[in-house]
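Observations on the three-dimensional arrangement
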Amino acid sequence: MKILIASNNRHKIEELAGIFASFSLPIELISQKSYFGEDSPEIDETGATLEENAFIKAKALFEMTQMPVISDDTGLEVYSLNMSPGVISARYAGEHGNDKANREKLLHVLTMHDNRKARFRTVLHFISHDISFSAQGICEGVITKEEAGDKGFGYDSIFIPDGEEQTFAEMDSSRKNAMSHRAKAGIQLSKALSAFLSGRYPHD
Ligand code: IMP
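All of these numbers come straight from a predicted model, not from anything done at the bench. (Residues numbered from 1 in each chain as written. Predicted model: local features only at pLDDT ≥ 70, side-chain atom pairs only at ≥ 80, totals over all residues. Heavy atoms only, no water.)

Thoughts on the pattern of salt bridges
According to the stated counting rule, one finds 16 salt bridges in the structure shown. Notably, a salt bridge pairs Glu63 with Lys59, separated by 3.3 Å at the nearest N-O pair. Here Glu63 and its partner Lys59 are both found in helix H3 (residues 50-65), four residues apart, which amounts to about one turn of the helix. Here Glu104 makes a salt bridge to Lys100, at a shortest N to O gap of 2.7 Å. (Salt bridge = Lys/Arg side-chain N within 4 Å of Asp/Glu carboxyl O. Helix = DSSP H or I, 4+ residues; strand = E, 2+ residues; numbered from the N terminus.)

Examining the packing of aromatic side chains
The final tally for this structure, using the stated rule, is seven aromatic pairs. Judged by centre distance (5.6 Å) and plane angle (55°), the ring pair of Phe126 and Phe196 falls under tilted. Residue Phe126 is found in strand S5 (residues 117-128), and its partner Phe196 is found in helix H6 (residues 181-197); the two are separated by 70 residues along the sequence. Its relative accessible area of 21% is what places Phe196 among the partly exposed residues. The lysine or arginine in question, Lys105, covers the ring of Tyr92, its NZ or CZ lying 4.3 Å from the ring centre. (Phe/Tyr/Trp six-rings, centres within 6.5 Å; stacked < 30°, edge-to-face > 60°. Buried < 20%, exposed > 50% of the residue type's maximum accessible area, 1.4 Å probe, protein only. Lys NZ or Arg CZ within 6 Å of the ring centre and 35° of its normal.)

Description of the site of the ligand
What surrounds the ligand is a group of 15 residues, the closest being Lys12, Thr74, Asp156, His181 and Arg182. Tyr155 is positioned such that a nitrogen or oxygen atom in its backbone is 3.0 Å from a nitrogen atom of the ligand. Between a nitrogen atom of the ligand and a side-chain N or O atom of Asp156, the distance comes to 2.6 Å. When the ligand sits alone it has 480 Å² of accessible area, and the protein chains cover 93% of it. For the shell around the ligand, the per-class residue count stands at four nonpolar, four polar and seven charged. (Near = heavy atom within 4 Å. Polar contact = N/O pair within 3.5 Å; in protein donor to acceptor, adjacent residues only side chain to side chain. Areas by Shrake-Rupley, 256 points an atom, 1.4 Å probe, with all protein chains shown as cover. Nonpolar A, V, L, I, M, F, W, Y, C, P; charged D, E, K, R; others polar.)

A short note on the packing of helix H1 (residues 10-21) against H6
H6 packs onto H1 with a crossing angle of 50° between their chain directions and a minimal axis gap of 10 Å. With respect to H6, the axis of H1 lies oblique. Pair H1 / H6 crosses with right-handed handedness. Of the residues in H6, those in contact with Lys12, Glu15, Leu16, Ile19 and Phe20 of H1 are Arg182, Ala183, Gly186, Leu189, Ser190 and Leu193. Taken together, the residues of the contact of H1 with H6 sort by class into six nonpolar, two polar and three charged. (Axes fitted to C-alpha atoms, helices over the stretch in contact; angles between N-to-C directions. Parallel < 35°, antiparallel > 145°, perpendicular 65-115°, else oblique. Left-handed = near helix turned anticlockwise from the far one by under 90°. Contact = heavy atoms within 4.5 Å.)

Structural notes on H6
End to end, H6 covers 24 Å across 17 residues, agreeing with the expected 24 Å (1.5 Å per residue, within 8%). Taken together, the buried positions of H6 are His181, Arg182, Ala183, Ala185, Gly186, Leu189, Ser190, Ala192, Leu193 and Ala195. Turning to H6, the residues buried within the fold contact strand S1 (2-6), H1, strand S3 (69-78), S5, strand S6 (131-143) and helix H5 (173-179). Taking the backbone nitrogen of Arg182 as reference, a side-chain oxygen 3.3 Å away marks Ser180 as the first, capping residue of H6. (Expected span 1.5 Å × (residues − 1).)

In structure tokens form, the structure reads like this:
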């Protein structure tokens, strides 16, 4: 089954491809860019939660293409900031997708707080004809006082997962994929996908 990944973020797509490759499911992931080319649409994230945004993106792409779709909406939730930036993680500093400005703002805001505990949360949503389900993955950790590492993307260079000494941006992708929020959501979604593909979902 060909599944469209509802994202124009190449980092996310690479991570999801690596995660789903390890489950040997009979699926082929197609990126939005390879489907639409340079005119690949950017779906507005108008939802109030990660769950809503994941659903909005999956549904919009399914309606455009009639292909099965997986979407990903991810947020960084900081405990001392009432779990913000959360759903507005991509536009925390104002401009959508300015990762550097977002990281700098968060490091600045956290100079006023002692508790630096945070978590990444990913919601993956699968949608196809007459079927729609989602899965969540959480990775707990702390926000560093300064950036470290040049791998990964987004907030990776200021996040150290619990039990680790390096930020996600200091790890290679296979190490991040062994513990990340996205990988945990991917495991859950893969179980449901596997059941669906073999005709057992939603009865399992
Ligand atoms: P979205 O899911 O594309 O809306 O991403 C929300 C924000 O979180 C963006 O600023 C991304 O760069 C960031 N982000 C998403 N996933 C990750 C991740 O795995 N590591 C670090 N930052 C991420």
